[in-house]
Structures are given as C-alpha cells and as structure tokens.
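# Examination of the molecular architecture
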Amino acid sequence: MERVTDDWDRRCITTILRIYYNEEVVHDNKYKFSPSGSYFAPPSGTYDSYIQFIKQLPPAQLPEVFGMHDNVDISRELQDTKQLFEDLLMTQAQSTGGGAGGASTEQKLTDIATDILTKLPSAFDIEDAVEKYPVKYEESMNTVLVQEMERFNRLGGVITTSLMNLQKAIKGLVVMSESLEQVAGSLLVGKVPELWSKSSYPSLKPLGSYINDLVARLKFLKAWYANDKPTCFWISAFYFNQAFLTGVKQNYARKYTIPIDKLDLDFEVLPCDDIDQHPEDGAYVKGLYLEGARWDSKRMALAESFPKILYDTVPVIWLKPAIKTEISTEGMYVSPVYKTSARQGQLSTTGHSTNFVVAMNLPLLNLRNIWVLRGTCLLCSLDD
C-alpha cells in the first residue's frame, strides 16, 4: 500500500478529495466526477436503483475517472511489458553458462566490455581543471564544473575497473568474484550492473542507452572545459543538479550582496530550443521533458498531451534568481522536476533527494487541479 510521504503526495490527495467532498455533491442531483459525465453522483433513490446505476457504469475503469489522460493506459501497458521482459531476461541469465554455449557467452562478454571501454573517454585531469577554473568569489560555476568532473571520474573508474577485471577473469588471470559475476549477468541481459548504479547518478535506461547517455554527459563537460561556460546548460547532464542550481543563486547573491537564504529561483520558458548568449543574471537551461502534459509554444503555456505522445520536450528555460517574497505563483502550475520517471528517491547525506531536483513554475491556461490530477511533472531523463 502506497503512503503519503511528501508535499506532492499531499497535494494530489487533497485535490482528489476536493472532487468528492464538496457541497455540490449534495445539492447537484447529477454532480459529475469526470469530464465526460459517465461518472456522476446518482439522485436519491431505492436500493435497487443504486444497484442498477452501478451496473450501468463502464466495465473497465477509464483513466478519466482518476483525472488522468488516456495516455496513461499506454504507460501502464508499456510498464507491464517491460516488467515481463525483465523477468524473462532474468530467467535467461540464470540458465546461461556452461555447456556448448559457454565459450560464446565468454566471447560475448568480452565484446561488450571492449565496446564499452572503447566508447568511454579518458578521465578528466582535475589538476588542470582547477588551474584553468580556480575557485572565484564571483563565479561559482568554476567549482560546479570541477566537482562534476570529480564525480564522473569516480563513476568512470568504477566502470572501467570492473570491466577490465571481468576481462581478466574470463581469461583466468583473476578470480571471478561474486560482484564480477553480477556484472557479467547484467551485461548479458542489457542491464546496468548494480555495482555501477551505486556510484552512478539515477538512471532507468538500459545498458546501451545508459552508456550513450554517459558519454554525452562527459562530452558536455569536456566542451565546457575547453570552450568556457556554455550559454545554455544541459541541466540533465549534471551528476548533482542541485549544486548547479545553488551555484546560480550564489552568483546572484554575491553580485548584489543579498543573503542566499532569502533567494529562490523563478522560471521563464523562452520561445527557442537553444540560445547563444548569456543572460544578465541567472542561467539558461535545456534538456527537460514534460510528462502528463505538453508545452504549447504558441500560447506559451501547458496544454493537453497529444494522443499516443507520452513526453514532450521543453524549450529553453531561464532560471532567474529573485527574493522569495517577490516570486508569484499566480496563474502558475508548480511542477516538480525529477531526475527519472520513478518519481521517488531517498534523502542523501547532503539533505537533498536522490531524485527530486526542484519545483518549477509553469504558466497554465486551465485550472491548476487538472495538472495535479494528470501527475504533470518535468523529467531530466527518459527511460529509453
């Protein structure tokens, strides 16, 4: 049974309760619980009339009764299918090894390890990075860059070491430990090994997509190191997104001599997919996806998702530091931003969630409750 664990859960529960617990339910003989009117409060009647009313309800519960879009049926079926194939792959992994197929399995593991090691670039030179981007009072992004390089170096070291040891174990040069066996089992079924996940940023991608995503993140940092601070940051590329957001606020606080605890971020979605100049204050970011809604580029506001399109890319967003009391949420939907679609995480030692990033204000034209029921949120990374 799911529990209410944070403010987002509480907001959703409260919104649902407002639909069923209000004065209109009592006074309106046909109060509608859903837009189509298929679900409504029946008028006062006899026991038999209530039974007849229940029998006339749709045999299968439609998404609208929960306030959701029809696309959630597709999401549910995809999730069920994914779970089925994961179970099948686990069975396959347990039945491999030994016999005539043993040699081919070893060769396959060797090929996978070699391919990944070939794709991964060399580790960042932290000493050179510190020298080129020293700690500066007026530029917190230098520290953000160096710390990101250190985090990705640690992750790259875990991946590289495990793959090289796996290759040696296949050749009989070292003992095939339990952790290496788990790495091998995951590689064979296209999953990210648990050993890597413990040192990695949150990701639900399969092995191939995970490596491609990792290489793209490293390429982003390499371009930053080579060409100076980017005009528009790929926010999804950061290992620790919260450090970047804090850096944006810290630059503003130091520039205008304002205590950072009095600041927060305001947000403005711009009508472009990229931008080639720095803002006067704050930062431009890109790389986010909308789930449960789409972005209407003409009306510059949230809109209903198109049928069969589960995610929508969001244009460039301007992060604008401002004093908390001056930020208005009127006419805005406060959308949580998550690193993955799991929408759940744990508190880390820094006090931040391992999945939740920040709450962004997005313009809306409809009632705010619609998007709360849709479960509308922003994602840094998709599952494929």
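Source: prediction; values computed, not measured.

## Let's talk about the packing of aromatic side chains
Under the counting rule described, the total for this entry stands at 20 aromatic pairs. Here the aromatic rings of phenylalanine 152 and tyrosine 201 are separated by 6.0 Å at their centres, their planes lie at 55°, and the arrangement is tilted. With phenylalanine 152 in helix H7 (residues 141-171) and tyrosine 201 in the loop between helix H9 (194-197) and helix H10 (207-227), this residue pair connects regions lying 49 residues apart in the sequence. Judged by relative accessible area, which is 4%, tyrosine 201 ranks as buried. Three or more aromatic residues joined by ring pairs form one cluster here, namely Phe220, Trp224, Phe233, Trp234, Phe238 and Phe244. The ring centre of tyrosine 225 lies 4.7 Å from the NZ or CZ of lysine 132, which sits over that ring.

## Focus: the pattern of salt bridges
For the structure on display, the rule yields 13 salt bridges. Note that aspartate 73 and arginine 76 form a salt bridge whose closest N and O atoms lie 3.6 Å from each other. Taken together, the residues span about one helical turn, with aspartate 73 and arginine 76 both in helix H4 (residues 71-95) at a distance of three residues. For aspartate 73, a relative accessible area of 30% corresponds to the partly exposed category. What makes arginine 76 partly exposed here is its relative accessible area of 42%. Ionic pairing is found between lysine 119 and aspartate 115, a salt bridge with its closest N-O pair at 3.5 Å. Linking lysine 119 with aspartate 115, this pair stays in helix H5 (residues 102-119), spanning four residues, or about one helical turn.

## Some thoughts on the sheet that holds strand S1 (residues 232-234)
Read from one edge to the other, the open sheet built from four strands follows the order S1-S3-S8-S2, with strand pairing classed as mixed. In this open sheet, the two strands that pair with only one neighbour each are S1 and strand S2 (263-269). Between one strand axis and the next, the sheet turns through 40° on average, direction left out of account. Alignment of strand S3 (residues 283-286) against strand S8 (residues 317-323), held across three bridges, turns out to be antiparallel. Within S8, the position partnered with alanine 283 by the bridge is leucine 319. Running over the sheet, helix H11 (residues 241-256) touches S1, S2, S3 and S8 and is turned about 105° from S2.

## With respect to unusual backbone geometry
Positioned with a positive phi, aspartate 228 is a non-glycine residue whose angle comes to about 80°. Along the chain, aspartate 228 turns up in the loop between H10 and S1. Classification of aspartate 228 as partly exposed rests on a relative accessible area of 48%. A positive phi is found at threonine 257, a non-glycine position, where the angle reads about 55°. Relative to the helices and strands, threonine 257 resides in the loop between H11 and S2.

## Topic: empty space enclosed by the protein
Left-over empty space is what a probe sized like a water molecule reveals as it rolls over the atoms. On inspection of all chains with the given rule, the structure shows two cavities of 30 Å³ or more. Looking at the largest cavity, the residues that line it are Tyr201, Pro202, Arg217, Ser236, Phe238, Asn241, Lys339, Cys380 and Ser381. Class assignment of the residues belonging to the lining of the largest cavity gives a composition of four nonpolar, three polar and two charged. Volume-wise, the second largest cavity comes out at about 30 Å³. Ser179, Gln182, Val183, Ser186, Pro193, Glu194 and Leu195 are the residues that line the second largest cavity. When residues of the lining of the second largest cavity are assigned to their parent elements, the largest contribution, four residues, is made by helix H8 (residues 178-188).

## Section: H11
Taking 1.5 Å of rise per residue, the 16 residues of H11 would be expected to cover 22 Å, and the 24 Å separating its terminal C-alpha atoms lies within 8% of that figure. Turning to H11, its buried residues number three or more, namely Asn241, Gln242, Ala243, Phe244, Leu245, Gly247, Val248, Lys249, Asn251, Tyr252 and Ala253. Check the buried side of H11 and you find it contacts H7, S1, S2, S3, S8 and strand S10 (356-363). Following H11 by one or two positions, threonine 257 adopts a phi angle in the positive range, close to 55°.

## Focus: the environment of proline 63
Residue placement: proline 63 occurs in the loop between helix H3 (47-55) and H4. Along the chain, proline 63 and aspartate 73 lie ten residues apart, while their C-alpha atoms are 7.3 Å from each other. Beyond its immediate sequence surroundings of up to four residues, proline 63 is in contact with Met68, His69, Asp70, Val72 and Asp73.

## Considerations on a negative patch on the surface
Where like charges cluster on the molecular surface, the negative patch consists of Asp125, Glu127, Asp128 and Glu131. Secondary-structure assignment places glutamate 127 in helix H6 (residues 126-132).

## Comments concerning the pairing of S8
As paired elements, S2 and S8 share seven bridges and run antiparallel to each other. Following the sheet pairing, aspartate 264 is matched in S8 by alanine 322.

## Quick notes on the sheet that holds S10
Backbone hydrogen bonds are what pair the strands of a sheet, in a parallel or an antiparallel way. The mixed open sheet is built from five strands, whose spatial order is S7-S4-S11-S9-S10. Of all strands in the sheet, those bounded by a partner on one side alone are strand S7 (311-313) and S10. Sheet twist, expressed as the mean angle between neighbouring strand axes with direction ignored, is 30°. Sheet topology places strand S9 (residues 332-338) next to S10; seven bridges connect them, and they run antiparallel. If you follow valine 337 over to S10, its bridge partner there is valine 358. Running over the sheet, helix H1 (residues 7-20) touches S9 and S10 and is turned about 135° from S9.

Rules of the game
Residues numbered from 1 in each chain as written. Predicted model: local features only at pLDDT ≥ 70, side-chain atom pairs only at ≥ 80, totals over all residues. Heavy atoms only, no water. Phe/Tyr/Trp six-rings, centres within 6.5 Å; stacked < 30°, edge-to-face > 60°. Helix = DSSP H or I, 4+ residues; strand = E, 2+ residues; numbered from the N terminus. Buried < 20%, exposed > 50% of the residue type's maximum accessible area, 1.4 Å probe, protein only. Lys NZ or Arg CZ within 6 Å of the ring centre and 35° of its normal. Salt bridge = Lys/Arg side-chain N within 4 Å of Asp/Glu carboxyl O. Pairing = 2+ DSSP bridges. Axes fitted to C-alpha atoms, helices over the stretch in contact; angles between N-to-C directions. Contact = heavy atoms within 4.5 Å. 1 Å grid on protein atoms, 1.4 Å probe; cavity = no way out; pocket = protein on both sides within 12 Å on 5 of 7 lines; lining within 4 Å. Points joined across faces, edges and corners; volume = space filled by probe spheres on them. Nonpolar A, V, L, I, M, F, W, Y, C, P; charged D, E, K, R; others polar. Expected span 1.5 Å × (residues − 1). Patch = residues over 30% accessible without salt bridge, like charges linked within 9 Å, V, L, I, M, F, W, Y side chains within 5 Å. Areas by Shrake-Rupley, 256 points an atom, 1.4 Å probe, with all protein chains shown as cover. Lys, Arg positive; Asp, Glu negative; His and termini not counted. Charge placed at Lys NZ, Arg CZ, Asp CG, Glu CD.

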